[in-house]
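# Secondary and tertiary structure notes
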Amino acid sequence: MAYQIDQKVIHDQEPMAEIMPNVITAISSLLQRVSETNDDLSRPFREHQRISAFNALAKPSISIRSYMERIFKYADCSDSCYIVAYIYLDRFIQKQPFLPIDSFNVHRLIITSVLVSAKFMDDLCYNNAFYAKVGGITTEEMNLLELDFLFGIGFQLNVTVSSYNDYCSSLQREMVMRTMYSPLLEPSFLVKSFHKNLLMHLFDEGSLSIHRNNQVTTAV
């Protein structure tokens, strides 16, 4: 059962608006590295990889950073949604080891994780049709991806405060050390290729759901 955290706690957890562009850049940098790594590792085995709705036929021309900046500009969801979406991506990859993040699926995984996070976190959010337009896919695809993603993470949407803080710390480290590679507390999808799992804090500890109240958006 999920418990709603006091609004003051949420306010304290919410990243400051002025640092959000750096948070987006940090997440983009991590996803860029893992995508490029998995592109190289999986190239010889690509024809044997699992077929997924997340896989595009060709690599999108828009960069991961530009794509996330576009979502940040138009989605108008709470800042915490991006941290939680980041957590959901890690959960997805842990539960779906035969679907590694690469350049063919990373964009669809990003837009879907933000959509799911916004629906879970915010009182009001844009609907699937709007997110589909922002993400450059059809509404039908967005609906399918949302369902696949939810099943992919086993509908585990709750996030403990301690896990949330751990991921914030990970991103803070990435922001500080973005110019050089550091394995400290990076998400498991980054080190998956090296058959390590540095994150053991994802499993429920009497999960508390992190919700943000009074988000002013318009559902379309």
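Residues numbered from 1 in each chain as written. Predicted model: local features only at pLDDT ≥ 70, side-chain atom pairs only at ≥ 80, totals over all residues. Heavy atoms only, no water.

What counts, and what does not: UniProt positions are given in the numbering used here, feature names are shortened, and annotations may be inferred rather than shown by experiment.
As annotated in an unreviewed UniProt entry, the chain is Cyclin from Arabidopsis lyrata subsp. lyrata. Checking UniProt for the chain, the heading Sequence similarities (unreviewed entry) contains the comment "Belongs to the cyclin family. Cyclin U/P subfamily."

## Here's the deal with the packing of helix α4 (residues 80–95) against helix α5 (residues 106–121)
Our working definition: Here an angle of 0 to 180 degrees is reported between the N-to-C directions of two axes, which are lines fitted to C-alpha atoms, with helices fitted over the stretch in contact. Under the DSSP-based scheme used, a helix requires at least four consecutive residues in state H or I and a strand at least two consecutive residues in state E, with every element numbered from the N terminus. Here is the rule for angles: anything less than 35 degrees is roughly parallel, anything more than 145 is roughly antiparallel, 65 through 115 is roughly perpendicular, and the remaining ranges are oblique. Put simply, a crossing is left-handed when the front helix is turned counterclockwise from the back one by less than a right angle, and right-handed when it is turned clockwise. When checking whether two residues touch, look at their non-hydrogen atoms; a contact exists if any pair is within 4.5 Å. Amino acids are sorted into nonpolar (Ala, Val, Leu, Ile, Met, Phe, Trp, Tyr, Cys and Pro), charged (Asp, Glu, Lys and Arg) and polar (every other residue, Gly among them).
Here α4 crosses α5 at 120 degrees, and the two axes come no closer than 8 Å. One element, α4, and the other, α5, form an angle in the oblique class. The handedness of the crossing between α4 and α5 comes out as right-handed. On α5, the residues that touch S80, C81, Y82, V84, A85, Y88, L89 and F92 of α4 are L109, S113, V114, V116, S117, A118, F120 and M121. Of the residues belonging to the contact of α4 with α5, the class tally is 13 nonpolar, 3 polar and no charged.

## Focus: the packing of helix α6 (residues 128–135) against helix α7 (residues 139–152)
Interaxial distance between α6 and α7 falls to 8 Å at its minimum, and their mutual angle equals 105 degrees. Taken as axis vectors, α6 and α7 run roughly perpendicular relative to one another. Here N128, A129, Y131 and A132 of α6 come into contact with α7, specifically with T139, M142, N143 and E146.

## Brief notes about the packing of aromatic side chains
Note the threshold: Any pair of Phe, Tyr and Trp rings, taking the six-membered ring for Trp, is counted once the centres come within 6.5 Å. Such a pair is stacked with planes under 30 degrees apart, edge-to-face with planes over 60 apart, and tilted for the rest. Relative accessible area decides the class of each residue, using a 1.4 Å probe on protein chains only: under 20% of the type maximum gives buried, over 50% gives exposed, and in between gives partly exposed.
Under the definition given, this model contains 8 aromatic pairs. Between F72 and Y82, the aromatic rings sit 5.6 Å apart at their centres with planes inclined by 65 degrees, giving edge-to-face as the arrangement. Of this pair, F72 sits in helix α3 (residues 64–75) while Y82 is found in helix α4, placing the two residues 10 residues apart along the sequence. The class of Y82 is buried, set by a relative accessible area of 2%.

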